[in-house]
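Chain by chain, the residues run as shown.
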Amino acid sequence: MNDDLKAAVLLRCRKMEIPLVGVASTDRWENPPFKPWMPEAFYPQSIFPEARSVIVIGLPVHLPVLETSPSIYYHELYKTVNTLLDQYTYRLASFLNDEGYPSVFVPRDGYGSIEVLKKNPVAFFSHRHAALLAGLGTFGVNNTLLTPEYGPRVRFGSVLTAADLPPDSLLPGDLCTRCMLCVDACPAGALDDRDYPEGLTDKAACTANSADLARRQISPCGICIKVCPVGEDRRHYGRDIPAAGADPRYRRAGEHVRKYGGL
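Note that the structure is a prediction, hence the values are computed from the model and not measured.

> Looking at this structure, how should I read the overall build of the protein chain?
Broken down by element type, the protein chain carries twelve helices and six strands. Principal-axis analysis of the C-alpha atoms gives the protein chain an extent of 55 × 35 × 35 Å. Every one of the 263 residues in the protein chain was classed for burial, and the buried ones make up 49%. Sequence separation of 24 or more characterises 75% of the internal contacts of the protein chain that already satisfy a separation of 6 or more.

> Could you clarify how one ought to interpret the environment of Gly157 in this entry?
Following the sequence through the fold, Gly157 ends up in strand β6 (residues 154-161). Residues Gly157 and Tyr90 lie 67 residues apart in sequence; the distance between their C-alpha atoms is 9.7 Å. Not counting the four nearest positions on each side in its chain, Gly157 is found in contact with Ile55, Val56, Ile57, Leu85, Thr89 and His127.

> Sorry if this is basic, but what is going on with the packing of helix α1 (residues 3-15) against helix α5 (residues 72-98) here?
Between two packed helices, both the angle of their axes relative to each other and the distance between the axes serve to describe the pair. Two elements in contact, α1 and α5, have axes separated by 11 Å at closest approach and are oriented at 145 degrees. Our pair here, α1 against α5, has a crossing hand that is right-handed. Between α1 and α5, the residues in contact are Leu5, Ala8, Val9, Arg12 and Cys13 and Leu92, Phe95 and Leu96, respectively. For the contact of α1 with α5, the per-class residue count stands at seven nonpolar, no polar and one charged.

> Would you explain the sheet that holds strand β3 (residues 103-106) in this entry?
Two orientations exist for strands paired in a sheet by backbone hydrogen bonds: parallel and antiparallel. With antiparallel pairing, four strands are arranged side by side in an open sheet as β1-β2-β6-β3. In this open sheet, the two edge strands, each paired with only one partner strand, are β1 (20-25) and β3. Put simply, the sheet's adjacent strands are angled 20 degrees from each other on average, direction ignored. Inspection of the sheet shows β3 paired to β6 by four bridges, in the antiparallel sense. Within β6, the position partnered with Val106 by the bridge is Ser158.

> Mind showing me how you'd approach unusual backbone geometry here?
With glycine set apart, most residues show a phi of negative sign, and most peptide bonds adopt trans. Residue Pro70 follows Ser69 across a cis peptide bond; omega there is -5 degrees. Take Pro70: it is sitting in the loop between α4 (63-66) and α5. Residue Pro197 is reached from Tyr196 by a cis peptide bond, and omega for that bond is 10 degrees. Unusually for a residue other than glycine, Glu17 sits at a positive phi of about 60 degrees. Following the sequence through the fold, Glu17 ends up in the loop between α1 and β1. Residue classification places Glu17 among the exposed residues on the basis of a relative accessible area of 67%.

> Is there a simple way to explain α1 in this structure?
Count 3.6 residues to each turn of an α-helix, and residues three or four apart come out pointing the same way. Here α1 is 13 residues long and its end C-alpha atoms lie 19 Å apart, about the 18 Å a rise of 1.5 Å per residue gives. Taken together, the buried positions of α1 are occupied by Leu5, Lys6, Val9 and Cys13. Along the long axis of α1, the arc covered by the buried residues comes to 100 degrees, so they all point the same way. The outward face of α1, more than 90 degrees from its buried face, is lined by the exposed residues Asp3, Asp4, Arg14 and Lys15. Looking at the packing, one finds that the buried side of α1 touches β1, β2 (53-60) and α5. For α1, the N-terminal cap is Asn2; the gap from its side-chain oxygen to the backbone nitrogen of Asp4 is 3.4 Å. Once α1 finishes, Glu17 follows within two positions and takes phi at roughly 60 degrees, a positive value.

What counts and what doesn't
Positions within a chain are numbered from 1, following the residues in the order the chain's sequence is written. Local features in a predicted model are, by the rule used here, given only for residues with pLDDT of at least 70; side-chain atom pairs are given and counted only at 80 or more, and totals for whole chains, interfaces and linings are based on all residues. Just so you know, side-chain values use all the structure's heavy atoms and leave hydrogens and water out. Secondary structure counts use DSSP, requiring at least four H or I residues in a row for a helix and at least two E residues in a row for a strand, with both numbered from the N terminus. Each residue gets one of three labels from its accessible area relative to the maximum for its type: buried under 20%, exposed over 50%, partly exposed in between, using a 1.4 Å probe on protein chains only. Residues are treated as being in contact if the distance between any of their heavy atoms lies within 4.5 Å. Here an angle of 0 to 180 degrees is reported between the N-to-C directions of two axes, which are lines fitted to C-alpha atoms, with helices fitted over the stretch in contact. If you view the pair so one helix is near and one far, a crossing is left-handed when the near helix is turned anticlockwise from the far one by less than a right angle, and right-handed when it is turned clockwise. In this count, Pro and Cys sit with the nonpolar residues alongside Ala, Val, Leu, Ile, Met, Phe, Trp and Tyr, while Asp, Glu, Lys and Arg are called charged and the others, Gly among them, polar. A pair of strands is treated as paired once DSSP finds two or more bridges between them. A helix is expected to span 1.5 Å multiplied by its residue count minus one. What the arc measures is the spread of directions leading from the helix axis to the C-beta atoms. Residues adjacent in sequence count toward polar contacts only when both atoms are side-chain atoms; beyond that, a polar contact is any pair of N or O atoms within 3.5 Å, and within protein one must be able to donate a hydrogen and the other to accept it.

Below is the structure:
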């Protein structure tokens, strides 16, 4: 395994101010940590046969912006983070190609629109499962990946590479507190109280809600991740508990932002 190359990748990530980075070997998809698991067609080595490692990066979604969701404020933050993820993973793949290791980036959203998702609500690659296998977090009841640093308020991107990089250990334990705040708050009623993967998001209900918000120019929803109590970002922003109703200043700020920029 190439320890020096991994060190060079991590250094580049630090220079790009990427806070979360993990590496998974592709054989982890063949020996998953739980079942049911995804079909083989979704494995990284099925998409890019040369792949031996998957580099996963994560960028945070800033909590005070998310607390205004659904809003134009969160809508623009979501787009910005996605753009950065695509740019950073492209740059990492290009670096590895220059070093002699065939590599490709995977776009953050592998679908064309909400209307596409309504007909086929699955992307061709799962960054959240890649992040799990790269040791960045564990799944929550809301079907998202929770991280110690930001809870579920993270967006992930991936690089598939032929480089044989030392993998990171899976995160031990379970970060989800099973508080059920996400289940209770979901406006589409798309979540239940079972742990993932037994409890799965009702994708039709979630997507229908997203489609309505998209028509109003304020998608995505984001409510199930903004109420989650997990993450050091809550301590950083002084939000030890979900802000809704906890402090009138937060409520007034959200109400103000939601009045503008969308339909």
